[in-house]
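Coordinate inspection notes
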Amino acid sequence: MVARIIPGKTIRGALHYYENKVDAGEASLILASGFAGEIQQMDFNQKLNRFKRLLELRPEVGTNTLHISLNFHSSEQLDNFTL
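Here's a quick rundown of the structure. Keep in mind that this is a model prediction, so the values were computed, not measured. (Residues numbered from 1 in each chain as written. Predicted model: local features only at pLDDT ≥ 70, side-chain atom pairs only at ≥ 80, totals over all residues. Heavy atoms only, no water.)

**Comments concerning helix 2 (residues 44-56)**
Its 13 residues place the ends of helix 2 18 Å apart at the C-alpha level, agreeing with the 18 Å of an ideal helix rising 1.5 Å per residue. Phe44, Lys47, Leu48 and Arg50 are the residues of helix 2 that are buried. Along the axis of helix 2, the buried positions cluster into a sector of 155°, meaning they face one direction only. Taken together, the buried residues of helix 2 touch helix 1 (11-23). Where helix 2 starts, the residue carrying a side-chain oxygen 3.2 Å from the main-chain nitrogen of asparagine 45 turns out to be aspartate 43. (Helix = DSSP H or I, 4+ residues; strand = E, 2+ residues; numbered from the N terminus. Expected span 1.5 Å × (residues − 1). Buried < 20%, exposed > 50% of the residue type's maximum accessible area, 1.4 Å probe, protein only. Arc of directions from axis to C-beta. Contact = heavy atoms within 4.5 Å. Polar contact = N/O pair within 3.5 Å; in protein donor to acceptor, adjacent residues only side chain to side chain.)

And the structure:
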């Protein structure tokens, strides 16, 4: 397994990256909480606005985005519960 951790300044780029991966069938949502709605039914802007509202609650936070990518070898077959 290779892990990449990339801090950022905006959530838009990380969310856009994730949404493109899901649309291409290269990623899937394992868990989400705190969205005050059914995340599977939300579009990009609804998700982004939710994050923006949460960020407004903590304006002193400088790094508000952390993108963590876990890349497994093709021989590693992990189910969603294990992940």
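Continuing now.
**Digging into the layout of surface pockets**
Estimates place the volume of the largest pocket at around 1,200 Å³. Of all elements in the fold, only helix 1, helix 2 and strand 2 (65-71) reach the threshold of two or more residues within the lining of the largest pocket. Of all the elements, strand 2 adds the most residues to the lining of the largest pocket, at seven residues. Class assignment for the residues of the lining of the largest pocket results in 19 nonpolar, seven polar and four charged. (1 Å grid on protein atoms, 1.4 Å probe; cavity = no way out; pocket = protein on both sides within 12 Å on 5 of 7 lines; lining within 4 Å. Points joined across faces, edges and corners; volume = space filled by probe spheres on them. Nonpolar A, V, L, I, M, F, W, Y, C, P; charged D, E, K, R; others polar.)

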